[in-house]
Amino acid sequence: MQEETWKCEIEKIDLPDEGMRRAALARWNSLAKPLHGMGRLEEMLAAIAGIQGTLHPAVRKKGIVVLCADNGIVKEGVSQTGADVTAVVAGNFLTGQTSVCKMAKVAGADILPYDIGILTDVEGLTKKEYKVACGTRDFLEEPAMTREETIRAILTGMQIVKEKKEEGYEILATGEMGIGNTTTSSAVACALTGEKAEMMTGRGAGLSDAGLLRKKQVIDRGLALRCPDPSDPVDVLSQVGGLDLAGLTGVFLGCARYRIPAVLDGFISSVAALAAVRIEPKTKAFLFASHRSREYAHGKILEELGLKAVLDLDMALGEGTGACALFPLLDMASVVYEEMSSFEEIQVEQYKEYTS
C-alpha cells in the first residue's frame, strides 16, 4: 500500500514553468547593469521563478531540514565516535548549539530538525509520526532496512516538505546528522554509479589511514554481500543506505512534487539527491548545488547529477552548513533583481547581446 501511495505521488511531479524562467532571464537582461553581471546567481533566481511560477520569486522564508538517524554499520568500526553522539548532537539543534544553527541565525533561516531514526528518543525532538525506526541494521549482517521501511522514510521526507509548503516556506535546504552516514552514503554512491569504494570513500569526520582502509573494506564487503540493484534506488537505499538518506531522498522528491527549490548540502545530501533523480529525473530541475566539499566523491556525485556548485570553500562540516552559506547570496541576488532600475527607467539604451 505504501509503495502504491509513493508511486502515485511521484507521478504528480511536473517540470517547472520554462516560460517563466525565460521571462525572468529577460528581466535580468533589462536591468541597468552589464549583461549576465550576476553570473550564475541570475540563472538560479530565474530557475526559482520557473519553479514558483512567478516573475517575482521569493526566498524570504527559508528552512533547513535536518534529518537525524543512526546507522547499524557503526558497529564495524567505520567511525571515530559511537552512535550515542547522534542523539547528543540532535538535541543540540533544539538549543541552537550546532554550527548550522549559528550560521542560520545570520542567514535568516529556520532550523527544522527531525528524528527519523535515532537509536534512542530525544526529548523535544522525537515525534512518532516522523520516526521510522530506531536506527538501521548492520548491512554486513543483513539489509540495512526493509523495503517497507525505506519507502516509509521516503514518504516521511515528502510529507515534511508538504507541511513546510503549507507553512509558507519558499525554499528549503537539506542537512543531516548521524554517526556512520558517510559510510552508508559512500556505499549508496558506489551502488548507483558503479564506482569502487576506493574512489567514493573519504575520511568522514576524520578517520586515520587505518580507519579509512577499514571503512573502504566494509563498504566493498557490504556491496558484495547485499548486491543492491542499481536500477532500483529504493533497493539500493534498503540494502546499504540509512534512514536519513532515504528521508532526504523523499525531501528532494517532495520539493519537486510541491514545487519548492531544494538546496543540496555536501556529499551525503547529494547522494540522496542522486537517488531522487534516479527515481524521477524531473527532480533535477528543482535542485541547487550550494558548495563542493573537500570530499573528492562529492565532486563526482555533482558531476553525475549534472550540477555545478556555487561555492568551493573546502568545507566538510555537514548539518546543512554549506547549503546555508548559499542563502545570503540568493538574498543579495533577489534584491538586485527586484530593486535595480531598468535601462528604460534611467533612459539608457539597453545592452545588446552578441554571440560569436
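Everything numeric in this text was worked out from a predicted model, so none of it was measured.

Where do I start with the sheet that holds strand E1 (residues 62–69) in this structure?
Strand-to-strand pairing in sheets goes through backbone hydrogen bonds, with the strands running parallel or antiparallel. A sheet is described by the order of its strands in space; here five strands give the open sequence E2-E1-E3-E4-E5, paired in parallel fashion. A single partner strand is all that each edge strand has here, and the edge strands are strand E2 (109–117) and strand E5 (287–289). Between one strand axis and the next, the sheet turns by 30° as a mean value, whatever way the strands run. The strands touched by helix H5 (residues 99–107) within the sheet are E1 and E2, with E2 carrying the most contacts at an inclination of about 145°.

Please explain the pattern of salt bridges as it appears in this structure.
Between side chains of opposite charge, a pair can form as their charged atoms come close. Tallying each qualifying case throughout the model produces 20 salt bridges. A salt bridge links Arg214 to Glu76, with the nearest nitrogen and oxygen atoms 3.1 Å apart. Of this pair, Arg214 sits in helix H9 (residues 209–226) while Glu76 sits in the loop between E1 and helix H4 (84–95); the two residues are 138 residues apart in sequence, bridging distant segments of the chain. Put simply, Arg278 and Glu304 hold a salt bridge, and the shortest N to O gap is 2.9 Å. With Arg278 in helix H12 (residues 267–279) and Glu304 in helix H13 (residues 296–305), the pair connects residues that are 26 residues apart, well separated along the chain. What makes Arg278 partly exposed here is its relative accessible area of 32%. According to the relative accessible area criterion, Glu304 is partly exposed, its value standing at 41%.

In this structure, what is going on with the pairing of E1? I would like to understand it.
On a regular strand, one side chain projects to one face of the sheet and the next to the other, so that they alternate. Extensive coverage of E1 is indicated by the burial of eight of its eight residues. Across the two faces of E1 the burial is the same, with Lys62, Ile64, Val66 and Cys68 and Gly63, Val65, Leu67 and Ala69 all buried. For E1 and strand E3 (residues 171–177), the ladder comprises seven bridges, and the chain directions are parallel. Counted as the bridge partner of Val65 is Thr174 from E3.

Could you clarify how one ought to interpret the environment of Met145 in this entry?
Mapped onto the secondary structure, Met145 falls in the loop between E2 and helix H6 (147–166). A sequence separation of 94 residues divides Met145 from Gln239, and the C-alpha atoms of the two residues are 6.4 Å apart. Apart from the residues lying within four places of it in its own chain, the contact partners of Met145 are Thr136, Arg137, Thr150, Leu237, Ser238, Gly241, Gly242, Leu243 and Ala246.

How should I be thinking about the nonpolar core in this particular structure?
Nonpolar side chains in soluble globular proteins generally cluster together in the buried interior. The biggest cluster of nonpolar side chains holds 116 residues, and the ones touching the most others in it are Trp6, Ile64, Ile154, Phe252, Leu253 and Phe327. The leading source of residues in this core is H12, at ten residues. Here Phe327 is in contact with Lys62, Gly63, Ile64, Ala107, Ala109, Ile171, Ala173 and Val263, once residues within four sequence places are set aside.

Just checking my understanding: could you explain unusual backbone geometry for this structure?
Excluding glycine, most residues fall at negative phi; most peptide bonds, likewise, are trans. The backbone of His36 sits at a positive phi, close to 60°, despite the residue not being glycine. Within the secondary structure layout, His36 lies in the loop between helix H2 (18–30) and helix H3 (40–52). A positive phi is found at Asp314, a non-glycine position, where the angle reads about 60°. With respect to the helices and strands, the residue Asp314 is situated in the loop between H13 and helix H14 (321–339). A relative accessible area of 47% places Asp314 in the partly exposed class.

Help me out: how do you make sense of H13 in this one?
Residues lying three or four places apart along an α-helix face the same way, a consequence of the helix completing one turn every 3.6 residues. Turning to H13, its buried residues number three or more, namely Ala297, His298, Gly299, Ile301, Leu302 and Leu305. Tucked into the core, H13 has its buried residues touching helix H7 (181–193), helix H8 (197–200), strand E4 (262–264), H12 and E5.

Explanation requested: the side chain of Gln239 in the structure shown.
By the element assignment, Gln239 lies in helix H10 (residues 233–240). A residue is classified by how much of its surface remains accessible, and Gln239, at 13% relative accessible area, is buried. Those residues in contact with Gln239 that lie beyond four places of it in its chain are Phe139, Pro143, Ala144, Arg226 and Pro228.

Any chance you could explain the packing of H3 against H14 here in plain terms?
For any two helices packed against each other, the geometry is given by the interaxial angle and the distance between the axes. Between H3 and H14, whose axes approach to 10 Å, the crossing angle comes to 85°. Taken as axis vectors, H3 and H14 run roughly perpendicular relative to one another. Across from Leu41, Met44 and Leu45 in H3, the residues of H14 making contact are Leu326, Leu329, Leu330, Ala333, Ser334 and Tyr337. Each residue belonging to the contact of H3 with H14 can be placed in one class, and the counts come to eight nonpolar, one polar and no charged.

Explanation requested: the packing of H6 against H10 in the structure shown.
Taken N-terminus to C-terminus, the directions of H6 and H10 make an angle of 110°; their axes are 9 Å apart at the nearest point. If you check the angle between H6 and H10, you find them roughly perpendicular. Two packed elements cross with a definite hand, and for H6 against H10 that hand is right-handed. The residues of H10 that touch H6, namely those facing Arg147, Thr150, Ile151 and Ile154, are Val234, Asp235, Leu237 and Ser238. Partitioning the contact of H6 with H10 into residue classes produces four nonpolar, two polar and two charged.

I would appreciate a short explanation of H14 in the present structure.
For H14, which comprises 19 residues, the first-to-last C-alpha distance of 28 Å matches the rise-based estimate of 27 Å (1.5 Å per residue) to within 8%. Buried residues of H14: Thr321, Gly322, Ala323, Cys324, Leu326, Phe327, Leu330, Ala333, Ser334 and Tyr337, and no others.

Cut-off values and rules
- Residues numbered from 1 in each chain as written.
- Predicted model: local features only at pLDDT ≥ 70, side-chain atom pairs only at ≥ 80, totals over all residues.
- Heavy atoms only, no water.
- Pairing = 2+ DSSP bridges.
- Helix = DSSP H or I, 4+ residues; strand = E, 2+ residues; numbered from the N terminus.
- Axes fitted to C-alpha atoms, helices over the stretch in contact; angles between N-to-C directions.
- Contact = heavy atoms within 4.5 Å.
- Salt bridge = Lys/Arg side-chain N within 4 Å of Asp/Glu carboxyl O.
- Buried < 20%, exposed > 50% of the residue type's maximum accessible area, 1.4 Å probe, protein only.
- Core = buried A, V, L, I, M, F, W, Y, C linked by side-chain atoms within 4.5 Å.
- Parallel < 35°, antiparallel > 145°, perpendicular 65-115°, else oblique.
- Nonpolar A, V, L, I, M, F, W, Y, C, P; charged D, E, K, R; others polar.
- Left-handed = near helix turned anticlockwise from the far one by under 90°.
- Expected span 1.5 Å × (residues − 1).

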